[in-house]
Amino acid sequence: MADSSQLLTFFTAMDNQGGLVIKDAPKLDLDLYISNYTGRTRFERLFSIGQSSVVLCVDALKAAVTEAKRGKDVRRYREAWECIRVAAPNEPEAQFDQAWADKTEKANKLETHRLETELKGYKNNLVKESIRIGYRDLGEHLESIGDLTAANDNYTRMRPEASTHAHLFDWAKHAIGISLQKRDWSSIQSNINKMLSGSTGEEDLKVQQPYQKTVLGLANLHGEKFYDAAKCFLEVELSVCQQYSNIMSPNDMATYGGLLALASMDRSELQSRVLDSPSFRNYLELEPHIRKATSMFVNGRYSACLATLESYRADYLLDIHLSRHVKKIYSQIRSKCIVQYFIPFSCVTLDSLDKAFAKPGESLEAELITMIKSGALKARIDTVDKLLMAISTDRRAEMQANALEAAKNYEKEALERIRRMNIVAADLEVKGTARARAGLGGDQWFNETRRQMNQGEAASG
Amino acid sequence: MDQCAAVCLAFPPEDLLADNQTYHKAVGVHLTQLSKLLKESTTTLVTHGLQLLELMDPAVKSLSYLAVLHTLLIPSVSAPRDVVLEKLVVFLLSFDSRSLRYAGSHLLDILNLTPQLLPPSIAVQVLSEAILRIDPTGSMLTSTHTHLIKLAYTSNSIHPTLLQVIDKPIVFYPGMANQSDSDVVCDMSIPPPKYISKDSALTVVLKPAAVLEYDLTCGLIYCAQRDWAKAYAAFERVVTFPTREQGTSKIMVEAYKKWVLVSLLLKGKVTPTPSYTGPGANKVYETLGKQYTNIASLFESDGAQSLKEAVDADAALWREDGNMGLIREVLAAYQMWHVLNLRQVYTKISIPEIRQQTKSAQTGNILDKDEDIETLIQNMVASGMLDGITEKHDDGTKFLTFLPPSTALSEQQLAAELAQTATRLKNLQPVFKSTGERLGTSKEYVRHLVKDQRRGGDKDNDTMMGFDKQVDEEDLMGGITST
């Protein structure tokens, strides 16, 4: 086990770089967790956990080093090694394996060269399909050695060579895979659209729907469009999702879908689209606490719902997709809870609200004020009697005020229109000159009139 | 002398001529005689002028009275000065506007001279009266308006009658094209532009700058009265003044700066300029009014300290623009608006909490004592800005209760309010009618109509829509978008 002082140095450095540091122990089991994934995302996940979780740091980094060495990406190995060197210098993984690095780099170069020559040959033969395969192979190789930009270039060249829908889908998935790794969320959206634009068959669309919804959901999640993202995740069929373990696991699907739905949907929608959804119910079985939290929310047990979610906060913070949004999602769920809690009442004591939502000894008032200011909570605070009062809107008064306002505006506008027409008719508009376009016109006559005014003043005084 | 008196007293005859045509003819005859008299016996008029004036009632024999007064005042005031000036005041306060429509140039001479002859406070009053006498609707801007407002503002003599004059919405301007002159001038039912024009010499043609300056000065006068709503409207008229080819006047920029500050005082925030503001003007406002919009955004935020710093940093600019007074008002209003905004969050809040939560922009800090807050709140309640009451809790802490927004009106009250607006709109009818007539007979519209008819029957029912389109092309509305 690594020395705690070394860990401290490592996390201080991480903290200084603006990284997330999570001290609480998560509930997840690292080996079990990572076995859900395949492909390059395994390293990404291990590495990010290693960089942020204090408890799992060394284990995760060790696993990351092993994972990197299993692949061909030397840069990744170096990154992982640099971290573990600081965090746990006594571990065997902290020794840099120069021999492996040299060997791999050499092999990579040879392979790249081989594929390039092959591709050149295909190009000379002018066979569309083999050119496409050539680009794909080269792209896949470059991706596996970590040269994402070059890989993306090769994938892009695949597209014109595509002759069937299946080819188009193949291209799009490769391109989106790169976008996911580069965290380029906006291009995912457009690539998905391109992918589906050509296809006409119902069958095709149906087969591609889960993939499309999955990546679109991720893109929306990162664009903070939580409601859209939740809808995407909720529509994915279970059986198919397991194919995309290089992107996310079914457990992730349950977590993302459930959390985002909680943050963005109202109670009836949660009931019908999450709890009663035949397809999503299967996902929820993988993450029972999400289902518990959702049904607690629907049943009005808000504090229990929040407590359940709170106990999983550390886990979600470690997820590469969720981590940056956890805070916002949680606060949205929380304020929704407060709003829902308040709906049946016209007046609630602040004490009872504190009891339900605040941490012991703290007051909810500041949070309530922010919510009222942002318009999320339609209520007013009475700090003297310590009450939260609902606003009772007087529709009649509102209507009357609107009617009078409209009448007033009509009159004002009528006058203004006539005035403007007459100004134009009298040829009195301020006209632009070359000088006016450069900056200001008319200061000459302004100064003139000012002078006149001064003279008038002198004369009258 | 007797002959002069005879001529002078000849019009109007005892049996008052109600019929416009007859009246018109009679005035014509009288005017010829009067001008002959003026030409031939100026000296007699000067020497016996006062006696003649004694003989006449200015409210009835206005034409003759004006003629005599004109000779006494121009080229120089005849002795005894005091008496002549007294006559001038009496005349301006009581003349008959119907007959004077025929003697515009003489009247205008006298009106233009008045500010130099009378002390400003009196001049402002009599000129305001005279303007309302000539045009009781006050809906037409004349050169006298512009002289009057300059005089009133520079001499700081704000008379209630002046406020009456500037309160009237101005919709007509001298020199409007396409005025048909078929009516006789003495017809009391014709709209003001028909008898106040360059031809009738009751006004001279104005330049855009004069019109802008009039509204700007109106705004300044309202500011002096601390009537922010009217000042806001006046500045807005300047800010949104119709422009062509990206034109922007410096007066408009000046007005924009004041408009921003007054908007803060009136509404506690700045709304974007109305949609019909000239696009070129908006761009200029953005660059030249940057410091002001910066102040506005600070005003809406919680940073009293930074508002104060921003104000202090640009002190020279405010002084140069002549806005130091408004800026001081803005600083004073800052805390009030923040107290008022607490209404959005609280129904009841204790005085010490208000003190902790709001800062004064004058010092950049919270107030020292709870009593100061209490005074502030009481002032706000007294001025009608805040709808609330301060009460004392059982344990001695004082607190403020925000009262709910005005309770519903009864059905009758609402109906009455709406009826009032309807009446005001009906009162606009003559304005609508004259504008409609003017536009309906304009060359462009007639040409359009002819073209439309030639095009054939398929668009027959579409003339109104076609007209709208035409208006868009012509940009007659100066950028107002149809609603």
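As annotated in an unreviewed UniProt entry, chain A carries the name COP9 signalosome complex subunit 1 and comes from Pseudomassariella vexata. Quoted verbatim from the Subunit (unreviewed entry) field of UniProt, the annotation for chain A is "Component of the COP9 signalosome (CSN) complex." UniProt, in its Sequence similarities (unreviewed entry) section for chain A, records the words "Belongs to the CSN1 family."

*Asks:* Could you give me a rundown of the side chain of B:Ser128, with the residues and numbers involved?
*Replies:* Residues and elements named next belong to chain B. Checked against the element boundaries, Ser128 lands in helix H8 (residues 120–134). We classify Ser128 as buried; its relative accessible area is 0%. At a separation of 2.5 Å, a polar atom in the side chain of Ser128 contacts the main-chain carbonyl oxygen of Val124. Setting aside chain neighbours within four positions, we find Ser128 in contact with Leu148, Thr161, Leu162 and Val165.

*Asks:* Can you lay out the sheet that holds strand S3 (residues 387–390) of chain A for me, pointing to particular residues and giving the numbers?
*Replies:* One open sheet holds the six strands; their spatial order is S1(A)-S3(A)-S2(A)-S2(B)-S4(B)-S3(B), and the pairing between them is mixed. Every interior strand has two partners, whereas the edge strands, strand S1 (347–349) of chain A together with strand S3 (388–392) of chain B, have only one. On average, adjacent strands in this sheet sit at an angle of 20 degrees to one another, irrespective of strand direction. As paired elements, strand S2 (residues 379–382) of chain A and S3(A) share four bridges and run antiparallel to each other. When the sheet's bridge partners are listed, A:Arg380 is paired in S3(A) with A:Met389.

*Asks:* Lay out the pattern of salt bridges in plain terms, naming residues and giving numbers.
*Replies:* All names here are of chain A. Across all of its chains, the model carries 42 salt bridges over all chains by this definition. Here Asp252 and Arg45 are joined by a salt bridge, their closest N and O atoms 3.5 Å apart. Placement of Asp252 in helix H14 (residues 250–264) and of Arg45 in helix H3 (residues 41–52) is noted, with a sequence separation of 207 residues between them. A salt bridge links Asp97 to Lys69, with the nearest nitrogen and oxygen atoms 2.7 Å apart. Taken together, the residues span a long stretch of sequence, with Asp97 in the loop between helix H5 (74–87) and helix H6 (98–125) and Lys69 in helix H4 (residues 57–70) at a distance of 28 residues. Asp97 sits in the partly exposed class, given a relative accessible area of 25%.

*Asks:* Outline the UniProt feature "domain: COP9 signalosome complex subunit 3 N-terminal helical repeats" (unreviewed entry) in chain B, supporting the account with residue identities and numerical values.
*Replies:* Taken from the UniProt record, the annotation "domain: COP9 signalosome complex subunit 3 N-terminal helical repeats" (unreviewed entry) applies to residues 31–170 and 206–277 of chain B. Annotated as residues 206–277 of chain B, this span is 65% helix and 3% strand, and its ends, taken at the C-alpha atoms, are 22 Å apart.

*Asks:* Describe in detail the domain arrangement of chain A, supporting the description with residues and values.
*Replies:* The figure often quoted for interface size is the accessible area lost as the parts come together. Residue and element names in this part refer to chain A. Along its sequence, chain A is carved into domain 1 (201–344), domain 2 (345–390) and domain 3 (433–461). Each of domain 1 and domain 2 has a C-alpha centre, and these two points are 28 Å apart. Tallying the contact residues gives 12 residues for domain 1 and 19 residues for domain 2. Each partner contributes to the roughly 1200 Å² buried at the junction of domain 1 and domain 2, and carbon and sulfur atoms together form 73% of this total. Broken down residue by residue, the surface that domain 1 buries against domain 2 is led by Ile338, Tyr341 and Phe342, which jointly contribute 58%. Taking the shortest distance from any N to any O, the salt bridge between Arg334 and Glu367 comes out at 2.8 Å. Linking domain 1 with domain 2 are four residue pairs in polar contact (both at pLDDT 80 or more), by the criterion used here. Sorting elements by how many residues they give to the side of domain 1 that touches domain 2 places helix H20 (residues 326–342) first, with seven residues. Class assignment for the residues of the side of domain 1 that touches domain 2 results in nine nonpolar, two polar and one charged.

*Asks:* So what's going on with the interface of chain B and chain A? Residues and values would help.
*Replies:* Of the residues lining the interface, 77 residues belong to chain B; the matching set on chain A comes to 57 residues. In this assembly, chain B packs against chain A so that about 6000 Å² is buried in total across both faces, 63% of it on carbon and sulfur atoms. Among the residues chain B hides against chain A, the three largest losses belong to B:Arg244, B:Lys250 and B:Val345. Together they make up 10% of the total. One can count eight salt bridges joining chain B with chain A. A salt bridge links B:Arg244 to A:Glu429; its shortest N-O distance comes to 2.8 Å. Joining chain B to chain A, the criterion identifies 20 residue pairs in polar contact (both at pLDDT 80 or more). In terms of residue count, helix H22 (residues 411–427) of chain B provides more of the side of chain B that touches chain A than any other element does, seven residues in total. Per-class residue counts for the side of chain B that touches chain A are 40 nonpolar, 20 polar and 17 charged. In this structure, S2(A) lies alongside strand S2 (residues 346–350) of chain B, joined through two bridges in parallel fashion. By the bridge assignment for S2(B), A:Ile381 is matched with B:Tyr346.

*Asks:* Talk me through the packing of aromatic side chains; I want residue IDs and the actual numbers.
*Replies:* Where two aromatic rings form a pair, the distance of their centres and the angle of their planes describe that pair. All names here are of chain A. A complete count under the given rule lists 18 aromatic pairs over all chains for this structure. Judged by centre distance (5.6 Å) and plane angle (55 degrees), the rings of Phe233 and Tyr256 are tilted. Of this pair, Phe233 sits in helix H12 (residues 226–234) while Tyr256 sits in helix H14, placing them 23 residues apart in sequence. Accessibility assignment for this pair places Phe233 and Tyr256 in one class, buried. Between Arg85 and the ring centre of Trp81, over which it is positioned, the NZ or CZ distance is 4.9 Å. Here Lys173 stacks its cationic end above the ring of Tyr211, 5.0 Å away from the centre of that ring.

*Asks:* For the packing of helix H15 (residues 267–275) of chain A against helix H17 (residues 288–298) of chain A, give the residues involved together with the corresponding values.
*Replies:* All names here are of chain A. The geometry of H15 relative to H17 is characterised by a closest axis approach of 9 Å and an angle of 145 degrees between their N-to-C directions. Along this stretch, H15 crosses H17, giving a crossing that reads as left-handed. Of the residues in H17, those touching H15 at Arg267, Leu270, Gln271, Val274 and Leu275 are Arg291, Thr294, Ser295, Phe297 and Val298. Split by residue class, the contact of H15 with H17 holds five nonpolar, three polar and two charged.

*Asks:* Can you lay out helix H23 (residues 429–440) of chain B for me, pointing to particular residues and giving the numbers?
*Replies:* Here H23(B) spans 16 Å end to end across 12 residues, near enough to the 16 Å set by a 1.5 Å rise per residue. Three or more residues of H23(B) are buried, namely B:Val431, B:Ser434, B:Thr435, B:Arg438 and B:Leu439. Down the axis, H23(B) shows its buried residues gathered within 130 degrees of arc, on one side only. On its buried side, H23(B) packs onto helix H23 (395–425) of chain A together with helix H24 (443–455) of chain B.

*Asks:* Give a description of the side chain of B:Ser62 that names residues and reports values.
*Replies:* Residues and elements named next belong to chain B. Secondary-structure assignment places Ser62 in helix H4 (residues 62–73). Among the polar contacts made by the side chain of Ser62, one reaches the main-chain carbonyl oxygen of Pro58 at a distance of 2.6 Å. Excluding its chain neighbours within four sequence positions, the residues that come into contact with Ser62 are Asp57, Phe91, Phe95, Asp96, Ser99 and Leu100.

*Asks:* Can you break down unusual backbone geometry residue by residue, with the values?
*Replies:* Residues and elements named next belong to chain A. One non-glycine residue, Lys386, adopts positive backbone phi at about 55 degrees. With respect to the secondary-structure elements, Lys386 resides in the loop between S2 and S3. Its relative accessible area of 37% is what places Lys386 among the partly exposed residues.

The rules behind the values
- Residues numbered from 1 in each chain as written.
- Chains lettered and ligands numbered in written order.
- Predicted model: local features only at pLDDT ≥ 70, side-chain atom pairs only at ≥ 80, totals over all residues.
- Heavy atoms only, no water.
- UniProt positions renumbered as here; feature names shortened; annotations may be inferred.
- Helix = DSSP H or I, 4+ residues; strand = E, 2+ residues; numbered from the N terminus.
- Buried < 20%, exposed > 50% of the residue type's maximum accessible area, 1.4 Å probe, protein only.
- Polar contact = N/O pair within 3.5 Å; in protein donor to acceptor, adjacent residues only side chain to side chain.
- Contact = heavy atoms within 4.5 Å.
- Pairing = 2+ DSSP bridges.
- Axes fitted to C-alpha atoms, helices over the stretch in contact; angles between N-to-C directions.
- Salt bridge = Lys/Arg side-chain N within 4 Å of Asp/Glu carboxyl O.
- Domains from an automatic or database assignment.
- Buried area = accessible area lost by both parts, 1.4 Å probe.
- Nonpolar A, V, L, I, M, F, W, Y, C, P; charged D, E, K, R; others polar.
- Phe/Tyr/Trp six-rings, centres within 6.5 Å; stacked < 30°, edge-to-face > 60°.
- Lys NZ or Arg CZ within 6 Å of the ring centre and 35° of its normal.
- Left-handed = near helix turned anticlockwise from the far one by under 90°.
- Expected span 1.5 Å × (residues − 1).
- Arc of directions from axis to C-beta.

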